[in-house]
Every structure is written in C-alpha cells, then in structure tokens.
Amino acid sequence: MTERPAIVVHGGAGMVAPERHARVRAGVRAAAEAGHAVLAAGGSALDAVVAAVRVLEDDPTYNAGTGAALTRDGQVQTDAAVMDGTTQRIGAVGAVPNLGCAVQLARAVLDAGEHAFLVGPMAWEFAAEHGIRPVLDGSLVTDRARARLRAVLAEPGEKGGGTVGAVARDARGHLAAATSTGGVAGKRSGRVGDSPIAGAGTWADGAAAISATGDGEAILRVALAHAIAIRVAAGASPAAAAAASLADLARVTGGTAGVIVVSATALATVHLSAHMPCAWISGADRGDQLAAP
Ligand code: ASP
C-alpha cells in the first residue's frame, strides 16, 4: 500500500516576541519544504527529518546550531537525536562543543550502528572519522544568544525556546523523528536535556514519531515522547495522545512542553506554551502556525 507522505516541523515551545513572528513562521515553512522535497522525490522519512532540521540549525532564528543557547560561561554545546521508526534505531549526541550540525552527527551515529549516544568533546573523534569538523570557537554564537544569556543570568526566567524538530512519514509508511537544540540558556557545561534522549524528547516506532520541546527536565521525568507513542499504539489519535501526555506532564512536574506527532494516518501539533511555531505538509494540506488555532 502506498501511504501519503507527510512532514511536520517545530521551532520550539516558548514565547516568541511579536517582531519575530513572521521570521519564525517563515523558517519552519522553509524547513518543512526541504523535508517534503526529500519525501516527494521518494526519499525516506529518516532523510526528510534530517534535511528539515539541518535547515533550522543553520537559521540563527532558532536555538540549534547557529544561534544555539549558551552555557553560563558563554559556550555552545549542542544536543540532537534522530530515530528511525521501522528499525527503532537511534543516533544521538549530547553536549558537544562547537557543533553546528548536531543532527548530522546524530545521523552518523545511527548509521554507524556501533553505539547509540556519544557525548561531550570526545564525540569529535567519531565526528572527524565521518568528515564532520568543529566550527571555529564562537562562530555559532549570535548577539541574540548572548543577550538571552545575559537576561537569564540577571534574572532567572524563561530559559528554553527555539529548539527544533521534525517528524515524517514516507511513501512506504515508515516514520522518523529528529530533534536538535542548544538546550537552555545559562545551563551548566555538560548538561544534556530531553532532546537527544530516546523516549523523552525524540521517539519513533511503527505507530508514531514524536519530537518534543519545552522544559527538558520535566519532559525527562515523564518520558513524554514514549508515553505518546504508547497511547497511539493503543489506538488514540496523535492529538488525543499528545494532549493526555502533556496533561500528565503538567500534573506531575508543573512544567510546560509541546510536541509534534505523526502516525500512519494523522499528524498533530499540541503545546501548553504560549507559542510553538510549526509547519506541516501532508498531500494538499500544508500550513503553518505560531500558536494553536
Ligand atoms: N527541551 C529543550 C532542553 O531542555 C529546550 C527547549 O525545547 O526549549 O534542552
């Protein structure tokens, strides 16, 4: 049976200042187009989510790659994961300094198949073997990321926002998910959030693919993405599964998060935060939004 390809992209749960609304929506639209082009050419869901997330890593508007949130000493250390729903293979990287294409390194980890998760500066040894090099110190740091760090250090407030992710279903019905982030502004060096952790910020199996964003420490406590997948496998729609699991997260942790979900038959974008820029393409249905309609 030929399934209808679909892709959904998010640009992070949080609050987006009014002057940035148009820019964040344009960015997620461009990423969805890049992922959809892969699917339309007969490519895999795995290739599509990596292509979509790479676009957003290079866009300084988002908290991933260029523009990533900074550690409290002003460094970029990125986290990412990519998961293939058919094989349930995952590749992930965490707290890797000066890494602008974390999803690409995560994909190399998945493809190599030796390990699932590499962390810290030593991950550069594996990266070099796969032709991925660190960028020059400081070159991923934007003025906006510096200002955000200053603001968080001066007065603890919203630290996340701008994480990116994608979920896709290809023409063969295979699902995949990817998430990439700089984490939270002002984090300790070495901190890894939910994004690269299988079942927390990223998950894909035969029933659903999920990318989460928001309060990472809260998402980890409820294994948010896996909780949604279990509900979808039991027959819930992606929207109902996401809403129920986000309600559990809020009840257990008091935290806030958002998710994008794709299943064999449906897709959903659900968030508790004020905003979560999203774009999707599924056959003739294409659109984008900043907050829930
Ligand atoms: N979940 C991410 C983290 O905790 C941050 C975010 O999505 O805004 O690293």
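Above this note sits the structure.
Treat the numbers as computed from the prediction; the structure is a model and nothing was measured.

Enquirer: In this structure, what is going on with the site of the ligand? I would like to understand it.
Expert: Taken together, the neighbourhood of the ligand is formed by Gly-160, Gly-161, Thr-163, Gly-183, Arg-191, Asp-194, Ser-195, Thr-213, Gly-214 and Gly-216. Here an oxygen atom of the ligand sits 2.8 Å away from a polar atom, N or O, in the main chain of Gly-161. Taken by itself the ligand offers 270 Å² of open surface, and the protein chains cover 100% of this. In this structure the site holding the ligand corresponds to the largest cavity.

Enquirer: Explain the sheet that holds strand E11 (residues 278-282) to me, please; I cannot follow it from the model alone.
Expert: The pairing of strands in a sheet happens through backbone hydrogen bonds and is either parallel or antiparallel. The strand order E4-E3-E2-E6-E5-E1-E11-E12 describes an open sheet built from eight strands, whose pairing is mixed. The sheet terminates laterally at strand E4 (117-119) and strand E12 (285-289), the two strands that pair on one side only. Averaged over all adjacent pairs, the angle separating strand axes in this sheet is 5°, with direction ignored. One ladder, built from six bridges, connects strand E5 (residues 164-169) with strand E6 (residues 175-181); its direction is antiparallel. By the bridge assignment, Val-167 is partnered in E6 with Ala-177.

Enquirer: In this structure, what is going on with the pattern of salt bridges? I would like to understand it.
Expert: A side chain of one charge can pair with a side chain of the opposite charge when the charged atoms of the two come close. The final tally for this structure, using the stated rule, is eleven salt bridges. In this structure, Asp-47 and Arg-107 form a salt bridge, with 2.7 Å as the shortest nitrogen-oxygen distance. One end of the pair, Asp-47, is in helix H2 (residues 45-57); the other, Arg-107, is in helix H3 (residues 102-112), and 60 residues separate them in sequence. A salt bridge links Arg-191 to Glu-217, with the shortest nitrogen-to-oxygen separation between them at 2.9 Å. Placement of Arg-191 in the loop between E6 and strand E7 (202-204) and of Glu-217 in helix H6 (residues 216-222) is noted, with a sequence separation of 26 residues between them. On the basis of relative accessible area, Glu-217 is assigned to the partly exposed category, the value being 41%.

Enquirer: For this particular structure, what's the right way to read unusual backbone geometry?
Expert: A negative phi angle is the norm for most residues apart from glycine, just as the trans form is the norm for most peptide bonds. Positive phi, close to 55°, is recorded for Gln-88, a residue that is not glycine. Within the secondary structure layout, Gln-88 lies in the loop between strand E2 (77-84) and strand E3 (89-97). Exposure remark for Gln-88: the relative accessible area of 42% places this residue in the partly exposed category. The residue Asn-98 is not glycine, and still its phi comes out positive at about 55°. Its location among the elements puts Asn-98 in the loop between E3 and H3. When its relative accessible area of 14% is taken as the criterion, Asn-98 is described as buried.

Enquirer: Quick question: what am I supposed to make of H3 here?
Expert: With respect to burial, H3 is a largely interior element, eight of its eleven residues being buried. Contacts from the buried residues of H3 go to H2, E2, E3, E4, helix H4 (123-129) and E6.

Enquirer: Whenever I open this one, the environment of Gln-104 confuses me. Can you help?
Expert: Along the chain, the position of Gln-104 falls in helix H3. In this structure Gln-104 touches Arg-54 and Ile-132, once residues within four positions along its chain are discounted.

Enquirer: Help me understand the sheet that holds E7, please; the structure alone is not making it clear to me.
Expert: Read across the open sheet, the four strands follow the order E7-E8-E9-E10; overall the sheet is antiparallel. Looking along the sheet, the strands with just one partner apiece sit at the ends: E7 and strand E10 (267-271). Adjacent strand axes in the sheet meet at a mean angle of 10° when their direction is disregarded. Bridging between E7 and strand E8 (residues 208-214) involves three bridges; their strand directions are antiparallel.

Enquirer: Looking at this model, I keep getting lost on the packing of helix H7 (residues 224-233) against helix H8 (residues 238-253). Mind explaining?
Expert: A pair of packed helices can be characterised by two numbers: the angle between their axes and the separation between those axes. Between H7 and H8, whose axes approach to 9 Å, the crossing angle comes to 140°. By the angle between their axes, H7 is oblique relative to H8. Handedness of the crossing formed by H7 with H8: right-handed. Of the residues in H8, those in contact with Leu-224, Ala-227, Ile-228, Arg-231 and Val-232 of H7 are Pro-238, Ala-241, Ala-242, Ala-244, Ser-245, Leu-246, Asp-248 and Leu-249.

Rules and cut-offs
- Residues numbered from 1 in each chain as written.
- Predicted model: local features only at pLDDT ≥ 70, side-chain atom pairs only at ≥ 80, totals over all residues.
- Heavy atoms only, no water.
- Near = heavy atom within 4 Å.
- Polar contact = N/O pair within 3.5 Å; in protein donor to acceptor, adjacent residues only side chain to side chain.
- Areas by Shrake-Rupley, 256 points an atom, 1.4 Å probe, with all protein chains shown as cover.
- 1 Å grid on protein atoms, 1.4 Å probe; cavity = no way out; pocket = protein on both sides within 12 Å on 5 of 7 lines; lining within 4 Å.
- Sits in = over half its atoms within 2 Å of the grid points.
- Pairing = 2+ DSSP bridges.
- Helix = DSSP H or I, 4+ residues; strand = E, 2+ residues; numbered from the N terminus.
- Axes fitted to C-alpha atoms, helices over the stretch in contact; angles between N-to-C directions.
- Salt bridge = Lys/Arg side-chain N within 4 Å of Asp/Glu carboxyl O.
- Buried < 20%, exposed > 50% of the residue type's maximum accessible area, 1.4 Å probe, protein only.
- Contact = heavy atoms within 4.5 Å.
- Parallel < 35°, antiparallel > 145°, perpendicular 65-115°, else oblique.
- Left-handed = near helix turned anticlockwise from the far one by under 90°.

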